[in-house]
Amino acid sequence: MYIELLKKIYFEERKKLEGMWIHKQEMKLKVIQFRKQMLERLEGCLSISEISGRNDIHEEVKDRLLRDAEHSDQLQSRLEFNLGDERKKLEEEEKQELNNANYNSVEYADYLFQAEKVYMIEAEMAEKGLYPEAVYQNGQKNINE
């Protein structure tokens, strides 16, 4: 019975958290941060020397495009353009979302309070061998049925 009540409480509290506009805004900002980190990792993976060492690219393609100076310069130039273009778009998107994130202290305190309740319930669930994400998905299914 304890587990069933814990699942019910978790579903209700998380649903409440996800319904808060600050939570939605924070998730948008979190996704932008992830995309920026992904771009940084991509930058390290897209040099001609890194690409030349990849096993998923056929050797004939490497000979034609990577080892030929003219083609490799064009390829590197285009990769750098794509990275720069993506970076500019992300910075603009982040600036816009930060403008939308004009929280007041009362709203933000309510959000933090709700988030902390959810985290504490998740910790208790983990101790009991439950997977919060699965519990939440099952609760969603039950509502939709």
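This section reports on the structure supplied with the text.

About the thresholds
Residues numbered from 1 in each chain as written. Predicted model: local features only at pLDDT ≥ 70, side-chain atom pairs only at ≥ 80, totals over all residues. Heavy atoms only, no water. Helix = DSSP H or I, 4+ residues; strand = E, 2+ residues; numbered from the N terminus. Rg over C-alpha atoms; globule rule 2.2 N^0.38 Å. Areas by Shrake-Rupley, 256 points an atom, 1.4 Å probe, with all protein chains shown as cover. Lys, Arg positive; Asp, Glu negative; His and termini not counted. Charge placed at Lys NZ, Arg CZ, Asp CG, Glu CD. Expected span 1.5 Å × (residues − 1). Buried < 20%, exposed > 50% of the residue type's maximum accessible area, 1.4 Å probe, protein only. Polar contact = N/O pair within 3.5 Å; in protein donor to acceptor, adjacent residues only side chain to side chain. Core = buried A, V, L, I, M, F, W, Y, C linked by side-chain atoms within 4.5 Å. Contact = heavy atoms within 4.5 Å. Axes fitted to C-alpha atoms, helices over the stretch in contact; angles between N-to-C directions. Parallel < 35°, antiparallel > 145°, perpendicular 65-115°, else oblique. Nonpolar A, V, L, I, M, F, W, Y, C, P; charged D, E, K, R; others polar. 1 Å grid on protein atoms, 1.4 Å probe; cavity = no way out; pocket = protein on both sides within 12 Å on 5 of 7 lines; lining within 4 Å. Points joined across faces, edges and corners; volume = space filled by probe spheres on them.

Here we take up the overall build of the protein chain. The helix and strand inventory of the protein chain stands at 7 helices and 0 strands. Helices and strands appear in the protein chain in the N-to-C order α-α-α-α-α-α-α. For 145 residues, the compact-globule estimate of 2.2 N^0.38 gives 15 Å, and the protein chain exceeds it by more than 25% at 23 Å. By principal-axis analysis of the C-alpha atoms, the protein chain measures approximately 70 × 35 × 30 Å. Split by element, the accessible area of the protein chain, about 10400 Å² in all, is 53% carbon and sulfur. Of the charged side chains in the protein chain, 23 are positive and 31 negative; the average position of the first set lies 4 Å away from that of the second.

Further remarks concern helix α5 (residues 69–100). An ideal rise of 1.5 Å per residue puts 46 Å on 32 residues; α5 measures up with 46 Å between its terminal C-alpha atoms. Regarding α5, the residues found buried are S72, Q76, L79, L83, L90, E94 and E97. N-cap assignment for α5: the residue whose side-chain oxygen lies 2.9 Å from the backbone N of E70 is D68.

What follows covers the nonpolar core. In terms of nonpolar packing, the biggest core is built from 16 residues, with Y10, L17, Y103, I121, M125 and V135 touching the most fellow members. If one sorts the elements of this core by residue count, helix α6 (residues 105–127) sits on top with 5 residues. In this structure Y103 touches W21, I22, Q25, E26, L29 and Y108, once residues within four positions along its chain are discounted.

This paragraph deals with the environment of E107. The residue E107 is located in helix α6 in this model. Residue class for E107 comes out partly exposed when judged on its relative accessible area of 28%. Residues in contact with E107, not counting those within four places in the same chain, are W21 and I22.

For helix α1 (residues 2–18), built from 17 residues, the straight-helix expectation of 24 Å at 1.5 Å per residue is met to within 8% by its first-to-last C-alpha distance of 24 Å. Within α1, the full set of buried residues consists of L6, Y10, F11, E13, R14 and L17.

In this section: the packing of helix α2 (residues 21–45) against α6. In a packed pair of helices, the relevant descriptors are the angle between the two axes and the axis-to-axis distance. For the pair α2 and α6, the least separation of the axes is 9 Å and the interaxial angle reads 80 degrees. In terms of their interaxial angle, α2 and α6 are classed as roughly perpendicular. Here W21, I22, H23 and E26 of α2 come into contact with α6, specifically with E107, Y108 and Y111. Taken together, the residues of the contact of α2 with α6 sort by class into 4 nonpolar, 1 polar and 2 charged.

Considering the arrangement of structural elements, one finds Q140 in helix α7 (residues 132–144). As a C-alpha pair, Q140 and R67 span 73 residues in sequence and 53 Å in three-dimensional space. Residue contacts for Q140: discarding those within four places in its chain leaves F11 and K15.

Our focus in this paragraph is the layout of surface pockets. When its volume is computed, the largest pocket comes out at roughly 180 Å³. Where the lining of the largest pocket is concerned, the elements lending two or more residues are α1 and α7. Per-class residue counts for the lining of the largest pocket are 2 nonpolar, 3 polar and 3 charged.

Note that all results are geometric; they support no functional claim without further evidence.
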